[in-house]
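Inside the fold
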Amino acid sequence: MRKWKLLYIIACLLLTTQVKGQDVEFSQFYANRLYLNPAFAGSEYVPVVGLSYRNQWPQNNRPFVTYSVSYDQFVDVMNGGVGILLLQDNQGQGAIKTTTASAMYSYSLDINRDLSVNAGFKVSFIQRRLNWESFVFSDMIDPLYGVLYPSLEVQPGKLSNSYWDFSMGVIVNYKSFYFGGVIDHLSEPNEAFVSTQDAAILPRKYTVHAGANIPFGYSRGLMKSNFTLSPNVLYQRQQDFEQINYGMYLSRENWVVGGWFRHNLSFDFDAFIVLLGYQVEKVRIGYSYDYVVSNLVKTNSGAHEISLTYLLGKAKSSCSGSYYYRKNRRIRAIRCPKF
């Protein structure tokens, strides 16, 4: 059965004049905040280390696996934050491997006690490599017995391509509300492996994200319970590809649960995402699962994602959010979710 699915996919590719892909996507956007928006660098004020792992379609023979590690902190003399991000994306068990190293700076402007603006800029060095031995071409496949023959396809002169990339973003934080915008791939770099072929331009990606934190609770005699509800929306567009994620987080004490829908603007639903997170003073652990609801549900098993965040310092907190003291002023952190 898998053989016929493989042949069907290859036939579809052969009938397609142009094949395009989008950037790596994380379901736990705010656990990967430096990847989402460079303006988040230093937003927690204390030094933060983040790790993420995503395995998309694990039951397929060649899943998409992505790893990331990040570090950021606020630097008082720069009146902003700095951060670094390392990311590796493996497509088809390393058939295409993309490694990204990014550095970023975010300037923080406190307009008043309720309103702040962060503006960030990111520079990245990206290397993409091909493992030619992992590729299967149509002339290698026997209709009955699968992959049998050597291919007549000519190997490119180089199997790696490196280039610089740039991004910029902004975040506005007002009381319990926050809004952000990002433009990735400002220079639209060329990803082509063969110099004689047409340029393979990586198109700009536009991202808008917004949300709010709404505290509520109840009290019955000596029993008290406090909750925080955080509705969120994230919209992305890259050339002709558009998608929107919307849902909410519910937090109580150390636990966080969340759920989102993801689809395009034609309401072709892709996945329903569920999250379970646990957080203590300095450590946050999150797990999310993308349950596929599109036609791809017949050929894949969704996506698993795990995040681990460790704070190397302690920020005080209150019902109005996390804060710390700098130059005898209380500075409030951006109140976005942590997963």
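Whatever comes next refers back to the structure up there.
Now for a description of the structure that goes with this document. (Residues numbered from 1 in each chain as written. Predicted model: local features only at pLDDT ≥ 70, side-chain atom pairs only at ≥ 80, totals over all residues. Heavy atoms only, no water.)

1. Some words on the packing of aromatic side chains
- This model, assessed by the stated rule, comprises 17 aromatic pairs.
- Ring centres of Phe 261 and Phe 272 lie 5.0 Å apart, and the angle between their planes is 50°; on these two criteria the pair is classed as tilted. In this pair, Phe 261 is assigned in strand E14 (residues 255-263) and Phe 272 in strand E15 (residues 269-279), connecting sequence segments 11 residues apart.
- Phe 261 sits in the partly exposed class, given a relative accessible area of 37%.
- Among the aromatic residues, those joined into a ring-pair cluster are Phe 29, Tyr 30, Phe 40, Tyr 178, Tyr 249 and Trp 260. (Phe/Tyr/Trp six-rings, centres within 6.5 Å; stacked < 30°, edge-to-face > 60°. Helix = DSSP H or I, 4+ residues; strand = E, 2+ residues; numbered from the N terminus. Buried < 20%, exposed > 50% of the residue type's maximum accessible area, 1.4 Å probe, protein only.)

2. Thoughts on the side chain of Asn 90
- With respect to the helices and strands, the residue Asn 90 is situated in strand E3 (residues 80-91).
- Asn 90 gets classed as buried once you look at its relative accessible area, which sits at 12%.
- Residues contacting Asn 90, with those up to four places away along its chain left out, are Pro 63, Phe 64, Val 65, Tyr 67, Ile 96 and Lys 97. (Contact = heavy atoms within 4.5 Å.)

3. Some thoughts on empty space enclosed by the protein
- For the coordinates displayed, the defined rule picks out 2 cavities of 30 Å³ or more.
- Approximately 140 Å³ is the volume found for the largest cavity.
- Lining of the largest cavity is provided by 19 residues; of these, Ala 31, Asn 32, Arg 33, Gly 50 and Ser 70 occupy positions nearest its centre.
- Of all the secondary structure elements, the ones that give two or more residues to the lining of the largest cavity are helix H2 (33-36), strand E1 (48-56) and strand E2 (64-75).
- Of the residues forming the lining of the largest cavity, the biggest block, 5 residues, is contributed by E1.
- Taken together, the residues of the lining of the largest cavity break down into 8 nonpolar, 6 polar and 5 charged.
- Of all the secondary structure elements, the ones that give two or more residues to the lining of the second largest cavity are E3 and strand E4 (96-110).
- Sort the elements by how many residues they give to the lining of the second largest cavity and E4 lands first, with 3 residues.
- Residues of the lining of the second largest cavity, tallied by class, amount to 4 nonpolar, 7 polar and no charged. (1 Å grid on protein atoms, 1.4 Å probe; cavity = no way out; pocket = protein on both sides within 12 Å on 5 of 7 lines; lining within 4 Å. Points joined across faces, edges and corners; volume = space filled by probe spheres on them. Nonpolar A, V, L, I, M, F, W, Y, C, P; charged D, E, K, R; others polar.)

4. A look at the pattern of salt bridges
- In the structure shown here, the tally under the stated rule is 13 salt bridges.
- The partner of Arg 54 in a salt bridge is Glu 305, and the shortest N-O contact between them spans 2.8 Å. Here Arg 54, found in strand E1, pairs with Glu 305, found in strand E17 (residues 303-311); they are 251 residues apart in sequence, far enough to count as distant. The same class applies to Arg 54 as to Glu 305, namely buried.
- The partner of Arg 252 in a salt bridge is Glu 253, and the shortest N-O contact between them spans 3.8 Å.
- Classification of Glu 253 by relative accessible area gives exposed; the value is 60%. (Salt bridge = Lys/Arg side-chain N within 4 Å of Asp/Glu carboxyl O.)

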